[in-house]
Amino acid sequence: IYDDPLIFLRELIQNALDACKVQMWRDLCEERYRGWAEKSLGKPIDKTIQPFEIAEEIFHNYVIEVKVCDCDDKEHLEVIVKDNGTGISAEQVKKICNVGVSYSGDKERKEEIESMPLWLRPTAGFGIGLQSIFLVTKEFEIYSKAAGEDAIYAKVTSRRKNGYVQVTKSDKLKHQGTEIHIIVSKKDFDDGVTEGAFLYIK
C-alpha cells in the first residue's frame, strides 16, 4: 500500500489526531467545559458548532507529541508518538491490529462519528495506519488507557515473524491517552527525521 517506509509517522500522527478529535467532542458533549459554554457560547453544543466558536485554550488540551531518541547502541532510534485522546482498550488493540479493521468499524463508533461536526470527524481508520509500522520494524509497543478501563501494555509483532499481539495490564500511563514506541534503524532516517527531534502538535 505504501511506497515510502517513513509514511508510518504520518499515519501515527493522523491516528493520534483522530483520537484527540473524538475525545474533544466527548468532553464538549459531556459538559467538561460547561463554564466556558455558558459564558461564551450562548447555545447548546451540537454538530453545527464551528471551530472558531471554541475557545483556543480548549484546543490546547489535545496535543500530540512526537519524539525521536537515540538508542544505546547508537545504530537505532526510538520513535515515540504520544497523545491524550480516547485511548485504546485491550479489546480494541486486538481488533485494530487486524489489517483493514478500523476504529470506526462498529455501529456505536459510527453513530458517534456521525454526531460530530464534519470538520471534527476522524479522517481515517486506526487499523491500517498501525500496519504501516511494519515497513520499518518487526514489532512495536503500545501503552494506552481508555476511559473506564485499566491501562494496558501491548506488544505487537509482524505476521512475518509468526505475528501475535500480547496485551497485559500496565501502570505506566496514569491518564487517558496512548503512547506508541517504535525502534527503527538509523539508516531509515538518513533523509528523514533527525535524532533528538521533538514535535509538539496542537
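What comes next is a walk through the structure. (Residues numbered from 1 in each chain as written. Predicted model: local features only at pLDDT ≥ 70, side-chain atom pairs only at ≥ 80, totals over all residues. Heavy atoms only, no water.)

A short note on the overall build of the chain
Stage number 1. Looking only at helices and strands, the chain features 6 helices and 7 strands.
Stage number 2. Order of helices (α) and strands (β) in the chain, N terminus to C terminus: α-α-α-β-β-α-α-α-β-β-β-β-β.
Stage number 3. Taking all 202 residues of the chain together, the buried fraction comes to 44%.
Stage number 4. The long-range share in the chain, meaning contacts at least 24 apart out of those at least 6 apart in sequence, stands at 68%.
Stage number 5. Accessible area of the chain: about 11,400 Å², with a carbon and sulfur share of 48%. (Helix = DSSP H or I, 4+ residues; strand = E, 2+ residues; numbered from the N terminus. Buried < 20%, exposed > 50% of the residue type's maximum accessible area, 1.4 Å probe, protein only. Contact = heavy atoms within 4.5 Å. Areas by Shrake-Rupley, 256 points an atom, 1.4 Å probe, with all protein chains shown as cover.)

Concerning the side chain of Asp83
Stage number 1. Structurally, Asp83 can be placed in strand E2 (residues 76-83).
Stage number 2. Despite its burial, Asp83 pairs with no opposite charge, the nearest such side chain being Lys82 at 9.8 Å. (Lys, Arg positive; Asp, Glu negative; His and termini not counted. Salt bridge = Lys/Arg side-chain N within 4 Å of Asp/Glu carboxyl O.)

Let's talk about the nonpolar core
Stage number 1. Counting residues in hydrophobic clusters, the biggest one holds 43 residues, and the most contacted among them are Phe8, Trp36, Phe140 and Ile182.
Stage number 2. Only helix H1 (7-29), helix H2 (34-41), strand E1 (64-70), E2, helix H4 (90-96), strand E3 (139-145), strand E4 (152-157) and strand E6 (177-185) provide two or more residues apiece to this core.
Stage number 3. The leading source of residues in this core is H1, at 9 residues.
Stage number 4. Those residues in contact with Ile182 that sit more than four places away from it in its chain are Phe8, Leu12, Leu77, Glu78, Val79, Ile133, Thr137 and Phe140. (Core = buried A, V, L, I, M, F, W, Y, C linked by side-chain atoms within 4.5 Å.)

Describing the environment of Lys186
Stage number 1. Mapping Lys186 onto the fold places it in the loop between E6 and strand E7 (198-201).
Stage number 2. Classification of Lys186 by relative accessible area gives partly exposed; the value is 27%.
Stage number 3. Setting aside chain neighbours within four positions, we find Lys186 in contact with Asp70, Lys74, Glu75, His76 and Leu77.
Stage number 4. A polar side-chain atom of Lys186 sits 3.1 Å from the main-chain carbonyl oxygen of Lys74. (Polar contact = N/O pair within 3.5 Å; in protein donor to acceptor, adjacent residues only side chain to side chain.)

Topic: the packing of aromatic side chains
Each aromatic ring pair is specified by the distance between its two centres and by the angle formed by the two planes.
Stage number 1. Taken as a whole and judged by the stated rule, the model has 2 aromatic pairs.
Stage number 2. Ring centres of Phe134 and Phe140 lie 5.5 Å apart, and the angle between their planes is 50°; on these two criteria the pair is classed as tilted.
Stage number 3. The buried category is assigned to Phe134, whose relative accessible area is 18%.
Stage number 4. Consider the rings of Tyr143 and Tyr153, whose centres lie 5.1 Å apart with planes at 50°: the pair is tilted. With a gap of 10 residues between them, Tyr143 in strand E3 and Tyr153 in strand E4 connect regions that are remote in the sequence. An identical accessibility class is assigned to Tyr143 and Tyr153; each is buried.
Stage number 5. The positively charged end of Lys172 is found above the aromatic ring belonging to Tyr143, 5.2 Å away from the centroid. (Phe/Tyr/Trp six-rings, centres within 6.5 Å; stacked < 30°, edge-to-face > 60°. Lys NZ or Arg CZ within 6 Å of the ring centre and 35° of its normal.)

Quick look at the state of the cysteines
Stage number 1. In total, this model carries 0 disulfides according to the counting rule given.
Stage number 2. Free of any disulfide, Cys71 has its nearest cysteine sulfur in Cys69, 8.0 Å distant.
Stage number 3. Judged by its relative accessible area of 15%, Cys71 is buried. (Disulfide = S-S within 2.5 Å.)

Details of the pairing of E2
Stage number 1. The pairing of E1 with E2 spans 7 bridges and is antiparallel. Within the sheet, the bridge partner assigned to Ile64 lies in E2 and is Asp83.
Stage number 2. Sheet topology note: the E2/E6 ladder contains 8 bridges and is antiparallel. From the neighbouring strand, Lys82 faces E6, where its bridge partner is Glu179. (Pairing = 2+ DSSP bridges.)

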